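Residues per chain are reported as follows:
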Amino acid sequence: MIKPDAMANGHSGGILDQIIKAGFHIRALKLTKLSAEKAGEFYAVHNQRPFYGELVEFMSSGPIIAAILEKSNAVEDFRKLIGATNPAQAEEGTIRKRFAESIGRNAIHGSDSDENAKIEGDFFFSGLERF
Ligand code: ATP
Ligand code: MG
């Protein structure tokens, strides 16, 4: 998911370009906006963390781009491509280093397991929307 900060800062094209050039195939893609309720559901795993309220408010503050990406070893390779959660600690050339503002406004989300990638793909896309 390309997050609201990166959308507002005009980075959606640059981020998609970097993802495609890294060898990921787009299987589904959508511009949408999360309600606070849906953002809270998406990040429910963090609902006891101190930053949860801020996270839900930010993630529902503007449009996002959701995508399903395919590649061998996709989860691990994508986490490498996006870099550390805090862009100040992300490696040079990673998406978060290039495009993120801060740990809270960090440009992009990546699934953390194959299991969660399936759950998150189903969260955004119906069977008719993936190819
Ligand atoms: P994501 O799940 O969005 O790909 P991540 O897996 O790198 O990020 P998580 O630990 O899952 O990191 O945290 C989810 C999101 O919550 C982060 O991307 C960030 O936007 C926000 N977040 C995490 N830690 C903090 C923090 N200390 N302060 C503010 N926001 C935070
Ligand atoms: Mg995460």
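Cut-off values and rules
- Residues numbered from 1 in each chain as written.
- Chains lettered and ligands numbered in written order.
- Predicted model: local features only at pLDDT ≥ 70, side-chain atom pairs only at ≥ 80, totals over all residues.
- Heavy atoms only, no water.
- Salt bridge = Lys/Arg side-chain N within 4 Å of Asp/Glu carboxyl O.
- Helix = DSSP H or I, 4+ residues; strand = E, 2+ residues; numbered from the N terminus.
- Buried < 20%, exposed > 50% of the residue type's maximum accessible area, 1.4 Å probe, protein only.
- Lys, Arg positive; Asp, Glu negative; His and termini not counted.
- Polar contact = N/O pair within 3.5 Å; in protein donor to acceptor, adjacent residues only side chain to side chain.
- Contact = heavy atoms within 4.5 Å.

S.K.: Kindly report on the pattern of salt bridges, identifying the contributing residues and their values.
M.R.: For the structure shown, the criterion picks out 9 salt bridges. K21 is the partner of D17 in a salt bridge, and the nearest nitrogen-oxygen pair spans 2.9 Å. Taken together, the residues span about one helical turn, with D17 and K21 both in helix α2 (residues 12–21) at a distance of 4 residues. Relative accessible area serves as the criterion here: at 37%, D17 is assigned to the partly exposed category. With a relative accessible area of 66%, K21 lands in the exposed category. Residue K80 pairs with E76 through a salt bridge whose shortest N-O separation is 3.9 Å. With a gap of 4 residues between them, K80 and E76 both fall in helix α5 (residues 74–82), about one helical turn apart. Judged by its relative accessible area of 56%, K80 falls in the exposed class. Classification of E76 as partly exposed rests on a relative accessible area of 45%. Taken together, the shared-partner salt bridges in this structure form one network comprising K118, D122 and R130.

S.K.: Which residues make up the side chain of D5, and what values go with them?
M.R.: Mapping D5 onto the fold places it in helix α1 (residues 4–8). No salt bridge is formed by the buried D5. Its closest oppositely charged neighbour is R105, at 5.4 Å. Looking at D5, its side chain comes within polar contact range of the main-chain nitrogen of A107, at 3.1 Å. Here D5 is in contact with F58, F99, A100, E101, R105, N106 and A107, once residues within four sequence places are set aside.

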